[in-house]
Amino acid sequence: MRRNTVRNEGARGRIGLLLVACVAIFGVISGRLVLLASAPAVAGAFYAGSPQDDVQAARPDIIDRNGEVLATDLATASLYAEPRNIVDVDEAVELLTRELPELDPVKLRRDLSTDRGFIWLQREVSGLKREAIHNLGIPGIGFLTETKRFYPGGSTVGHIVGHVNIDNAGIAGLEKTIDGGGLSALQSAGLARKGRDLSPVEVTIDLRVQHAVRDELSRAIERYRALAAIGIILDAKTLEVVAMTSLPDYDPNEPAQALEDIRMNRAMAGVYEMGSVFKTFTLAMGLDTGAITPASQLDARGKLQIGRHAIGDFHGKNRVLTAAEVFQYSSNIGSARIALKVGAQRVEEYYRAFGFLDRLDTELPEAAKPLTPSRWPQITLATTSFGHGISVTPMHVAAAAAAVVNGGIYANPTFYPRSEAEMMRIGRRVLSPQTSKQMRDLFYLNGNEGSGRSALVPGYNVGGKTGTAEKVVGGRYAENKRFNSYLAAFPMDDPQYIVLVVIDEPKPEEGKHYATAGWNAAPTVANIISRVGPMLHVEPRFPNDDAIERAITVAYQE
Amino acid sequence: MKRPVRFAALVLAVSVATVSAGSVFMMKKDAERDAFAIRELNRKIAAERQRISELRAEWGALDNPRRLQALVDRHAGVLRLAPIEGRQIAQVREVVAAMRQKRKEGEK
């Protein structure tokens, strides 16, 4: 009995131990089960993909500021072969070349005779041929869906969105920038695939405005038989690029066109001596430093002699002009005198502040470095004051002009949305608000009474500065080859948008004798503003009694 | 006294085991069916997305201002459309002021 008890107690202890062990093990198992059950179901997604996904390197859509698609992915079928699994090479070659005559039979036979596991035969096969080849039923031949980039807007936004190569990697424009922003790393890590949502990239371009600018420029090229034309619209407050066109342009669906030199993006990748529009900045720095006031007297008689160079005026007034008149009559002598008064050091500082001495740092990779003087002797100072001897891109000029009229704040122009608050944070002050106000008045004056009259649009209060630069041909300035521009802002009392139009080598319009900027660039700006003003929700304003008359018409037309 | 208890325990254990085995089997079947349904749905979603992006691309091409302008120009005779001008846009208060003035003139 005693021994029995002892044995019983020993057994009980062992059984207890066993029980505890069992409970512990089952406890761990059920605990793990609960954990698994409560974990979110993302794990499954990793296994949901098929090999099909692996060949589809996805790119985000690019959309404009209103959500219109500028670039998107389309699925296309590509033909592949698994030579290892092909039974009858001769038959396969014969059948395939019958359906796809563009395949080289010799090369095809050689490729299919190897023992490789996978080769591409033809990329982007059309739907009809795809069906036909499918029906041939050749073993070891099949299709994979690949994505191809498609640009619904075609050449309208070509210079902005850029294009991709056959492997869907961005090689120009915003496409390249998107890749640089980590997309290619995502793709190589296998994370960016079709079907996973890549949020679309929104740009500041307005497709309708972009089209209107492009359309008006192509008409201008035709009307003035010009070589090329550039149009830029910037938001004056935030320096967002609303439209940027350079004609001739290229269709990103046909990327080979981009290689032709004539189709380069002149708005940002070309540098030019911009001519008289530069007087805007000379006047601005003169007013800002206090070297002049709008009423200052400047002698514009005869010619200005600097060393062995003489500077003359195109429409010489041959009298003493006020600074405002220098702007209005576009006097080279007057602006040279202002630059000399400001002095070399400060002029260079202002040019740097306006961004003229550096490459523009925007989201577009294609940006040219300006050609700027390395030293600033008096003659350079004088010629740069009216836009000769310094070459910048048209975008430089538009961005600096935005700073001139918006109260004096400059930041690099951008293609990605930017709020006014952000602009306040990153912008830098280049001019005082008073100078900016004075410059707006000068723009208004020149737009209404000076060379910009032909750019007036009823209700939109356009102001601006013309520029007619003579192009350098064989080391000399040619008199009949011009580079015309009109730099405008509207509405002048509180500028919302900057419009810059440049026309390269315009000829006089049929039946007219002049080919200066007031005759071609300015009317083109007028056409553009009257078309895009309503689209951009700029409220047109008219003198009071006129408004009532107009309202009656509007009200009773319905 | 001991026997029935032990028997009952055995029956209980066996039935619990059977029921749990049965339910695990059912769950497995359910899970398989669900997994299949999920795959099927995922495939449909992918196809649907593909279709949506194709349609968006097509809409983008159809809605392209350049195409619309060409169409409007071609059918100008029927449509008689012209670009909107600044003078066609007025504020509500301007319209109200105009109406008031009109009425005043009518009273005179």
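Residues numbered from 1 in each chain as written. Chains lettered and ligands numbered in written order. Predicted model: local features only at pLDDT ≥ 70, side-chain atom pairs only at ≥ 80, totals over all residues. Heavy atoms only, no water.

### Focus on the pattern of salt bridges
All names here are of chain A.
At step 1: Taken as a whole, this structure holds 30 salt bridges over all chains when the rule is applied.
At step 2: Of the charged contacts in the structure, one is a salt bridge between D111 and K107, with a shortest N-O distance of 3.2 Å. Taken together, the residues D111 and K107, both in helix α5 (residues 105-113) and four residues apart, mark about one turn of the helix.
At step 3: You can call D111 buried: its relative accessible area is 18%.
At step 4: Here D249 makes a salt bridge to R214, at a shortest N to O gap of 2.7 Å. Of this pair, D249 sits in the loop between β7 (241-247) and α10 (266-269) while R214 sits in helix α9 (residues 207-223); the two residues are 35 residues apart in sequence, bridging distant segments of the chain.
At step 5: With relative accessibility at 7%, the residue D249 sits in the buried group.
At step 6: R214 sits in the buried class, given a relative accessible area of 13%.
At step 7: Beyond isolated ion pairs, a larger network of salt bridges with shared partners links R59, D73, R149, E175 and D179. (Salt bridge = Lys/Arg side-chain N within 4 Å of Asp/Glu carboxyl O. Helix = DSSP H or I, 4+ residues; strand = E, 2+ residues; numbered from the N terminus. Buried < 20%, exposed > 50% of the residue type's maximum accessible area, 1.4 Å probe, protein only.)

### Digging into the nonpolar core
All names here are of chain A.
At step 1: If you look at the biggest cluster of nonpolar residues, it comprises 92 residues, and the most contacted ones within it are M244, M274, F415 and I498.
At step 2: With 10 residues, helix α16 (residues 394-405) is the single largest residue contributor to this core.
At step 3: Each of domain 1 (55-202) and domain 2 (208-535) gives at least three residues to this core.
At step 4: Counting residues in hydrophobic clusters, the runner-up holds 34 residues, among them A212, A517, I528 and I529. (Core = buried A, V, L, I, M, F, W, Y, C linked by side-chain atoms within 4.5 Å. Domains from an automatic or database assignment.)

### Focus on the interface of chain A and chain B
At step 1: The interface of chain A with chain B comprises 40 residues on the first partner and 29 residues on the second.
At step 2: Between chain A and chain B the total buried area reaches about 2,800 Å² when both faces are included, carbon and sulfur atoms providing 56% of it.
At step 3: Across the contact surface, chain A and chain B share zero salt bridges.
At step 4: Linking chain A with chain B are five residue pairs in polar contact (both at pLDDT 80 or more).
At step 5: At the level of secondary structure, the elements contributing two or more residues to the side of chain A that touches chain B comprise β2 (69-81), α9, α19 (521-535) and α20 (544-557) of chain A.
At step 6: Residue contributions to the side of chain A that touches chain B peak at eight residues, all from α20 of chain A.
At step 7: Taken together, the residues of the side of chain A that touches chain B break down into 19 nonpolar, nine polar and 12 charged. (Contact = heavy atoms within 4.5 Å. Buried area = accessible area lost by both parts, 1.4 Å probe. Polar contact = N/O pair within 3.5 Å; in protein donor to acceptor, adjacent residues only side chain to side chain. Nonpolar A, V, L, I, M, F, W, Y, C, P; charged D, E, K, R; others polar.)

### As for the domain arrangement of chain A
Residue and element names in this part refer to chain A.
At step 1: Domain boundaries assigned for chain A yield domain 1 (55-202) and domain 2 (208-535).
At step 2: Just the C-alpha atoms count here: the centres of domain 1 and domain 2 sit 44 Å apart.
At step 3: Listed per partner, the contact involves 24 residues of domain 1 and 26 residues of domain 2.
At step 4: Each partner contributes to the roughly 2,000 Å² buried at the junction of domain 1 and domain 2, and carbon and sulfur atoms together form 57% of this total.
At step 5: One can count one salt bridge joining domain 1 with domain 2.
At step 6: We note a salt bridge from R65 to E240, for which the minimum N-O separation is 3.8 Å.
At step 7: One can count nine residue pairs in polar contact (both at pLDDT 80 or more) joining domain 1 with domain 2.
At step 8: Going through the elements one at a time, β4 (141-150), α7 (158-161), α8 (173-188) and β5 (201-202) are the ones with two or more residues in the side of domain 1 that touches domain 2.
At step 9: In terms of residue count, the dominant contributor to the side of domain 1 that touches domain 2 is α8 (five residues).
At step 10: Grouping the amino acids of the side of domain 1 that touches domain 2 by side-chain chemistry returns 10 nonpolar, 10 polar and four charged.

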